[in-house]
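What follows is each chain in one-letter form.
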Amino acid sequence: VQLQASGGGLVQAGGSLRLSCVASGRAFSDYAMSWFRQTPGKEREFVAAITRSGGNTNYPDSVKGRFTISRDNAKNTVYLQMNSLKTEDTAIYYCAAGRPIFVRQRDQIETWGQGTQVTVSS
């Protein structure tokens, strides 16, 4: 599967953005999907995960209650709705696909998208 992320941009603190990631190639519904983010000098960190059917999601405490991951298997697309954004959310965001039920670790990733920049200003 190949992944193409979009939707990043510049937003003020407290604002919202929605990221999208479109998949092509193998059956999208065969993959659990996730979002990760990375800032310069830091490791890529887990942000959100969703199961193949979309019935279950998982988040770290840093974004729980503010971010929502969803997917539309008919459109081969996974989304990340980000609300109440903070300056510390500034990062490059990557979508990712893997085979485990929840993909929350980098070594579980089979395919990465190319990344989209999110910048939150104060």
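Parameters at a glance
Residues numbered from 1 in each chain as written. Predicted model: local features only at pLDDT ≥ 70, side-chain atom pairs only at ≥ 80, totals over all residues. Heavy atoms only, no water. Pairing = 2+ DSSP bridges. Helix = DSSP H or I, 4+ residues; strand = E, 2+ residues; numbered from the N terminus. Axes fitted to C-alpha atoms, helices over the stretch in contact; angles between N-to-C directions. Buried < 20%, exposed > 50% of the residue type's maximum accessible area, 1.4 Å probe, protein only. Salt bridge = Lys/Arg side-chain N within 4 Å of Asp/Glu carboxyl O.

### Digging into the sheet that holds strand β1 (residues 2–6)
- Strand order in the open sheet formed by four strands is β1-β3-β8-β7, with antiparallel pairing between adjacent strands. The open sheet has two edge strands, β1 and β7 (67–72), and neither has a second partner. For this sheet the average axis-to-axis angle between neighbouring strands, irrespective of direction, equals 15°.
- In this sheet, strand β8 (residues 77–82) lies alongside β7 in antiparallel orientation, the contact comprising six bridges. Along β8, the bridge assignment pairs Ser70 with Tyr79.

### Regarding the pairing of β7
- Residue alternation in β7 divides its side chains into a buried set, Phe67, Ile69 and Arg71, and an unburied set, Thr68, Ser70 and Asp72.
- Hairpin connection from β7 to β8: four residues lie between these consecutive antiparallel strands, with Asn76 at a positive phi of about 55°.

### Brief notes about the pattern of salt bridges
- Tallied over the entire structure, the rule returns six salt bridges.
- For the salt bridge of Asp89 with Arg37, the shortest nitrogen-to-oxygen distance reads 2.9 Å. Here Asp89, found in the loop between β8 and β9 (91–98), pairs with Arg37, found in strand β4 (residues 32–38); they are 52 residues apart in sequence, far enough to count as distant. By the burial criterion, Asp89 is buried, and Arg37 matches it.
- For Lys64, the salt bridge identified is with Asp61, shortest N-O distance 3.4 Å.
- Using a relative accessible area of 66% as the deciding quantity, one classes Asp61 as exposed.
- Salt bridges here are not isolated pairs; linked through shared partners, they connect Arg37, Glu45, Arg66 and Asp89.

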